[in-house]
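# A structural walkthrough
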Amino acid sequence: MANAGSRCLATTLSFFLVSAAILLKVQGQNLVTDNISVVEGEVAIISCRVRNNDDSVIQLLNPNRQTIYFKDVRPLKDGRFQLVNFTDNELRVSLSNVSLSDEGRYVCQLYTDPPQEAYADITVLVPPSPPILEARDDLVSEGNETELSCTAMGSKPAASIRWMKGPEELQGETMVEETYDHMFTVVSRLSLTVTREDDGVPIICIVDHPAVKDLQTQTYLEVQYKPEVKIIVEFPEGLTREGENLELTCKAKGKPQPQQINWVKLDDDVPSHAVIKGSDLLIENLNKSYNGTYRCVATNSVGESYDDYILYVYDATSDLDPAAHDSRAGEGAPQKMDHAVVGGVVAVVVFAMLCLLIVLGRYFARHKGTYFTHEAKGADDAADADTAIINAEGGHNNSDEKKEYYI
């Protein structure tokens with residue numbers, strides 16, 4: 001019994017030692033490969049690599065477990081598979097003109113005991129067709145909203161779409177649809193409110209996909225807007241004086257171009273002898289009755305706009321600084337406050353002089369009306385006329401002075 005038990009133990013120990021040796025050998029022969037992404041129609045490279053091979057056989061199987069290559073021999077009758085490299089440590093095979101049917105898991109197999117396998121997943125990328133960009137409106141008026149759509153069809157995986165308006169990136173709303181053949185169609189819609197500054201600005205649809213680069217298309221915004229109006233003074237360069245001429249030009253720009261330009265005078269009629277020729281207004285021999293606000297009105301299919309010119313006719317001899325006078329609308333009328341200030345200052349000065357004259361007059365009148373009489377000094381106490389005269393001429397220290405005041 002003891003011998004039987006010893007033999008059983010020895011057999012068991014031998015089995016574990018052999019298994020351990022085989023496991024160490026297999027672990028020493030690492031079989032590796034890589035997943036592959038390839039664009040439809042291009043070439044895929046499948047590489048089965050072995051570290052520390054002991055002459056074990058390498059073979060490559062397709063997703064249906066059919067042998068493509070056994071060592072350097074190709075049993076599969078598909079000429080698109082070609083041997084690129086074969087050594088004890090690598091089996092490398094190319095697959096040309098890849099199609100969607102080639103997608104799947106390929107198997108690298110190493111004939112060891114037990115066999116080793118490594119898996120290479122081939123993913124076929126299908127680029128989308130050129131994007132289709134459509135605009136809801138050919139023309140759009142400023143302040144209104146328009147919508148554009150961009151479609152990328154027949155891709156795998158689904159593409160992503162970005163929008164650019166000039167240098168600015170915009171966000172659209174995207175919808176993804178999967179077709180029966182597991183392909184994808186992506187539609188992105190962009191809504192935006194336009195201004196006149198958007199006229200002629202490019203709107204770009206950019207399609208991002210791993211199978212393709214720089215796939216984009218663009219269109220240009222066509223924005224209609226009301227005229228921009230500005231009155232230009234052609235003559236004179238300085239002040240508008242009596243007897244001179246005034247020539248104004250109305251510059252108007254819009255989309256479409258203004259069909260009509262009119263000159264009017266607010267709260268009155270344009271002078272009867274004024275000459276209006278297209279966008280030009282000429283008034284000869286100016287006088288102050290022509291003062292007022294002259295308006296140029298430009299109209300197109302979108303609307304109308306205007307600009308104003310305030311006319312103030314100065315005296316022919318006026319020497320005011322021309323820079324101090326600006327007849328642009330909204331920037332002030334001719335300055336009448338200067339005359340009011342001067343008149344006020346003159347009135348204050350005149351009033352002050354009158355007050356001074358009154359005070360001085362009273363002062364001089366008071367001092368001029370005071371005088372002393374000496375004729376009567378001592379006359380009341382004199383015994384006769386001679387004594388009174390003597391006393392008057394000599395005077396007395398104790399006599400009172402008599403004063404008379406005239407006002």
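The paragraphs below set out a description of the structure included in this document. (Residues numbered from 1 in each chain as written. Predicted model: local features only at pLDDT ≥ 70, side-chain atom pairs only at ≥ 80, totals over all residues. Heavy atoms only, no water.)

## Section: the packing of aromatic side chains
Applying the stated criterion across every chain yields a total of two aromatic pairs. Ring geometry for Phe 70 and Tyr 111: centres 6.1 Å apart, planes at 65°, overall edge-to-face. Of this pair, Phe 70 sits in strand 5 (residues 67-70) while Tyr 111 sits in the loop between strand 8 (104-110) and strand 9 (116-125), and the two are 41 residues apart along the sequence. Residue Phe 70 is classed as partly exposed on the basis of its relative accessible area of 33%. The side chain of Arg 295 reaches across the aromatic face of Tyr 306, ending 3.7 Å from its centre. (Phe/Tyr/Trp six-rings, centres within 6.5 Å; stacked < 30°, edge-to-face > 60°. Helix = DSSP H or I, 4+ residues; strand = E, 2+ residues; numbered from the N terminus. Buried < 20%, exposed > 50% of the residue type's maximum accessible area, 1.4 Å probe, protein only. Lys NZ or Arg CZ within 6 Å of the ring centre and 35° of its normal.)

## Some points on the state of the cysteines
All chains considered together, the criterion is met by three disulfides. Each disulfide pairs two cysteine sulfurs, and for Cys 48 the partner residue is Cys 108, the sulfurs being separated by 1.8 Å. Taking the torsion about the S-S bond as the criterion, the Cys 48 to Cys 108 disulfide, at about -70°, is left-handed. Pair noted here: Cys 48 is in strand 3 (residues 44-50) and Cys 108 is in strand 8, with a separation of 60 residues, a long-range link. The cystine pairing of the chain, numbering bonded cysteines in sequence order, is 1-2, 3-4, 5-6. (Disulfide = S-S within 2.5 Å.)

## Here we look at the sheet that holds strand 16 (residues 184-193)
On the basis of which strands lie adjacent, the open sheet formed by four strands has the order 10-12-16-15 and antiparallel pairing. Only two strands of the sheet have a single partner each, and these edge strands are strand 10 (132-135) and strand 15 (173-178). Here the strands of the sheet are splayed against their neighbours by 15° on average, with no regard to which way each runs. Here strand 10 runs beside strand 12 (residues 145-155); their pairing, made up of four bridges, is antiparallel. Residue pairing in the sheet places Ala 135 in a bridge with Leu 148 of strand 12. (Pairing = 2+ DSSP bridges. Axes fitted to C-alpha atoms, helices over the stretch in contact; angles between N-to-C directions.)

## Some details on the side chain of Thr 112
Tracing the sequence through the fold places Thr 112 in the loop between strand 8 and strand 9. A distance of 2.5 Å separates a polar side-chain atom of Thr 112 from the backbone oxygen of Pro 114. (Polar contact = N/O pair within 3.5 Å; in protein donor to acceptor, adjacent residues only side chain to side chain.)

## Overview of the pattern of salt bridges
Within the structure shown, the criterion is met by 17 salt bridges. In this structure, the salt-bridge partner of Arg 49 is Asp 34, at a minimum N-O distance of 3.0 Å. Of the two residues, Arg 49 sits in strand 3 while Asp 34 sits in the loop between strand 1 (31-32) and strand 2 (36-39), which places them 15 residues apart along the sequence. Residue Arg 49 is classed as partly exposed on the basis of its relative accessible area, which comes to 27%. (Salt bridge = Lys/Arg side-chain N within 4 Å of Asp/Glu carboxyl O.)

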